[in-house]
Number of protein chains: 2
Amino acid sequence: MPVQKVTREEILQKAMRVFKRQGFHRTTMDDLARACGLLKGSFYHYFSSKEMLMKEVLWHANTYNEKHIFSIAYQESGTPKQRLMDLLDALFDGVLRTEGGCLMGNTVLETALVTEEFKEPLRVHFNNAIAALAHLYRTSHSDEKAQELAQQVTVDIQGSLLLVKLFGNEQLLTDCRNRAVERL
Amino acid sequence: MPVQKVTREEILQKAMRVFKRQGFHRTTMDDLARACGLLKGSFYHYFSSKEMLMKEVLWHANTYNEKHIFSIAYQESGTPKQRLMDLLDALFDGVLRTEGGCLMGNTVLETALVTEEFKEPLRVHFNNAIAALAHLYRTSHSDEKAQELAQQVTVDIQGSLLLVKLFGNEQLLTDCRNRAVERL
DNA sequence: GTCTATAAAACGATAGAC
DNA sequence: GTCTATCGTTTTATAGAC
């Protein structure tokens, strides 16, 4: 009787790492299966296609981020400044712990014009990010100004991650974090 | 006797548009050949591989940008503010005239960790961009501050382009342009 | 210089044994 | 649930006619 090697949850986790590092089109089903210790044939027991898997990975990441990162903005304990710093630390930790930067940002630039189906989870992610930041900036700014600042910080993060990926200088993220906190 | 349908120059131009829209890995040699009105077989007369073609496209874009966009920063006529606005207009024009956003930014996120050979032209591009902006900011700030501002504006542009690609809201670029001018 | 034809490999996906 | 085997397609790249 065949022993179950991985759970669906573990596959989503491992697949995310591979997609983050190699991008969607560069990654093969063989890459993904091997990253999970499986052979390609076995992989289709869990997911019917590469696109379906990617969609699930993106939604899964959204759920995780809502629960463990963006939720920090809405905590009742801690000052807004502390919550902002904690949120950014959690965000950058996730981004830097494995190679490839931000899966969401990478996937936007790689697929936005060729794969309509990924746009919905990607939009949800960035809307969540902006909403969480805006919630914090509203504690010291007007609604409009807070929304504007939240957008600017989101843009700042993604642009910084791009230069980090190219030049390897992680100091850019520290600077980005400081700018976000200073704007409170 | 076969008539020459396209010049090498035209191929680089057309190929850039396709890569910009679809990304490197999603684009096939057949896509590229057809975009030039050629058949795949004919295409290898000009370029030995897709990677070689992409490298040439990136270097070609660098030459164009140096000559027609970043050079604006170093012109002797016009105020720094005017030159900054002209430079950003030229940059955004090139980015918005065809679909896909910024080829350089897209290619960084898609290939930085999987294709070492593209990193050199990509780094040259972003170094050129930052240098041109820093040159302008130096007219009203210290060397260090100008460099810092130039980096921030570069990051701002790339992050804004990412959100524009996802949400289609080009107002984000206008805001980005205004922020860049205000920092002078 | 462009075409047709094709080789050779990679890839997404399926079928069936265990 | 995982494996092996394989199908059908796509893709990169080459060879040779015109």
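Labelled according to an unreviewed UniProt entry, chain A appears under the name TetR family transcriptional regulator, originating from Larkinella terrae.

Undergrad: Explanation requested: the overall build of chain A in the structure shown.
TA: Scanning chain A for helices and strands turns up 9 helices and 0 strands. Ordered by position from the N terminus, the helices and strands of chain A form the series α-α-α-α-α-α-α-α-α. Considering only C-alpha atoms, chain A reaches an extent of 60 × 35 × 30 Å along its principal axes. In chain A, which comprises 184 residues, the share counted as buried stands at 49%. Taking the contacts inside chain A whose residues are at least 6 apart along the sequence as the reference set, 63% of them involve residues at least 24 apart.

Undergrad: Please clarify how the relation of the copies chain B and chain A should be interpreted in this entry.
TA: Each of the two copies of the chain can be brought onto the other by a rotation about an axis and a shift along it. Superposition record for chain B on chain A: RMSD 0.0 Å, screw rotation 180°, translation along axis 0.0 Å. Given the turn and translation reported, the copies of this chain are related as if by a two-fold rotation axis. Every residue of chain B has its C-alpha some distance from the rotation axis, and the shortest such distance is that of B:Gly159, at 2.0 Å. By residue overlap, the copies meet face to face through one surface: 100% of the interface positions of chain B are interface positions in chain A.

Undergrad: Explanation requested: the protein's contact with DNA strand D in the structure shown.
TA: Near DNA strand D lie 19 residues; those nearest to it are A:Pro2, A:Lys5, A:Leu39, A:Tyr46 and B:Lys40. Considering DNA strand D, the proportion of its atoms within 4 Å of the protein that are sugar or phosphate atoms stands at 66%. Take A:Lys5: an N or O atom from its main chain is 2.4 Å from a phosphate oxygen of DNA strand D. Looking at the surface near DNA strand D, the elements with two or more residues in it are helix 3 (40-43) of chain A together with helix 3 (40-43) of chain B. Of the residues in the surface near DNA strand D, the class split is 8 nonpolar, 8 polar and 3 charged.

Undergrad: How should I be thinking about the interface of chain B and chain A in this particular structure?
TA: When the parts come together, some accessible area is lost, and that loss is often what is quoted as the size of the interface. Facing the 34 residues of chain B at the interface are 34 residues of chain A. Approximately 3400 Å² of surface area, both sides summed, lies buried where chain B meets chain A, with 71% of it carried by carbon and sulfur atoms. Three residues stand out in chain B for area buried against chain A, namely B:Leu109, B:Leu113 and B:Leu166, and they jointly supply 21% of the buried area on that side. Counting across the interface, chain B meets chain A through 0 salt bridges. Inspection of the chain B/chain A interface yields 4 residue pairs in polar contact (both at pLDDT 80 or more).

Undergrad: Could you clarify how one ought to interpret the protein's contact with DNA strand C in this entry?
TA: Within the structure, DNA strand C sits among 19 residues, and B:Pro2, B:Lys5, B:Leu39, B:Ser42 and B:Tyr46 are positioned closest to it. Take the atoms of DNA strand C that sit within 4 Å of the protein: sugar and phosphate atoms are 67% of them. B:Lys5 is positioned with one of its backbone polar atoms (N or O) 2.4 Å from a phosphate oxygen of DNA strand C. Here a phosphate oxygen of DNA strand C sits 2.9 Å away from a polar atom, N or O, in the side chain of B:Ser42. Mapped onto the surface near DNA strand C, the elements with two or more residues apiece are helix 3 of chain A together with helix 3 of chain B. Residues of the surface near DNA strand C, tallied by class, amount to 8 nonpolar, 8 polar and 3 charged.

Undergrad: Would you explain the UniProt feature "DNA-binding region" (unreviewed entry) in chain A in this entry?
TA: Per the UniProt entry, the sites bearing "DNA-binding region" (unreviewed entry) are residues 28-47 of chain A in this numbering. Here residues 28-47 of chain A is 55% helix and 0% strand, with 13 Å between the C-alpha atoms at its ends.

Undergrad: Explanation requested: the nonpolar core in the structure shown.
TA: Side chains of nonpolar character tend, in soluble globular proteins, to be buried together. A:Phe43 and B:Phe43 are the most contacted members of the largest nonpolar core, which has 126 residues in total. The residues contacting B:Phe43, other than those within four sequence positions of it, are B:Ile11, B:Met29, B:Leu32, B:Ala33, B:Cys36, B:Leu38 and B:Leu53.

Undergrad: Help me out: how do you make sense of the side chain of B:Thr111 in this one?
TA: Considering the arrangement of structural elements, one finds B:Thr111 in helix 6 (residues 103-111). Judged by relative accessible area, which is 0%, B:Thr111 ranks as buried.

Undergrad: How should I be thinking about the UniProt feature "domain: HTH tetR-type" (unreviewed entry) in chain A in this particular structure?
TA: As recorded in UniProt, the sites labelled "domain: HTH tetR-type" (unreviewed entry) are residues 5-65 of chain A. End-to-end, the C-alpha atoms of residues 5-65 of chain A are 26 Å apart, and along that stretch the chain is 69% helix and 0% strand.

Undergrad: Is there a simple way to think about the packing of helix 4 (residues 50-68) of chain B against helix 6 of chain B in this case?
TA: Geometry of a packed helix pair, given as the angle between the helix axes and the separation of the axes. Residue and element names in this part refer to chain B. Where helix 4 contacts helix 6, the axes come no closer than 11 Å and their chain directions differ by 140°. With respect to helix 6, the element helix 4 is oriented oblique. Regarding helix 4 and helix 6, the two cross each other, and that crossing is left-handed. Judged by residue contacts, Met54, Val57, Leu58, Ala61 and Asn62 of helix 4 engage Leu103, Met104 and Thr107 from helix 6. Residue composition of the contact of helix 4 with helix 6, grouped by class: 6 nonpolar, 2 polar and no charged.

Parameters at a glance
Residues numbered from 1 in each chain as written. Chains lettered and ligands numbered in written order. Predicted model: local features only at pLDDT ≥ 70, side-chain atom pairs only at ≥ 80, totals over all residues. Heavy atoms only, no water. Helix = DSSP H or I, 4+ residues; strand = E, 2+ residues; numbered from the N terminus. Buried < 20%, exposed > 50% of the residue type's maximum accessible area, 1.4 Å probe, protein only. Contact = heavy atoms within 4.5 Å. Least-squares fit on C-alpha atoms with pLDDT ≥ 70 in both. Near = heavy atom within 4 Å. Polar contact = N/O pair within 3.5 Å; in protein donor to acceptor, adjacent residues only side chain to side chain. Nonpolar A, V, L, I, M, F, W, Y, C, P; charged D, E, K, R; others polar. Buried area = accessible area lost by both parts, 1.4 Å probe. Salt bridge = Lys/Arg side-chain N within 4 Å of Asp/Glu carboxyl O. UniProt positions renumbered as here; feature names shortened; annotations may be inferred. Core = buried A, V, L, I, M, F, W, Y, C linked by side-chain atoms within 4.5 Å. Axes fitted to C-alpha atoms, helices over the stretch in contact; angles between N-to-C directions. Parallel < 35°, antiparallel > 145°, perpendicular 65-115°, else oblique. Left-handed = near helix turned anticlockwise from the far one by under 90°.

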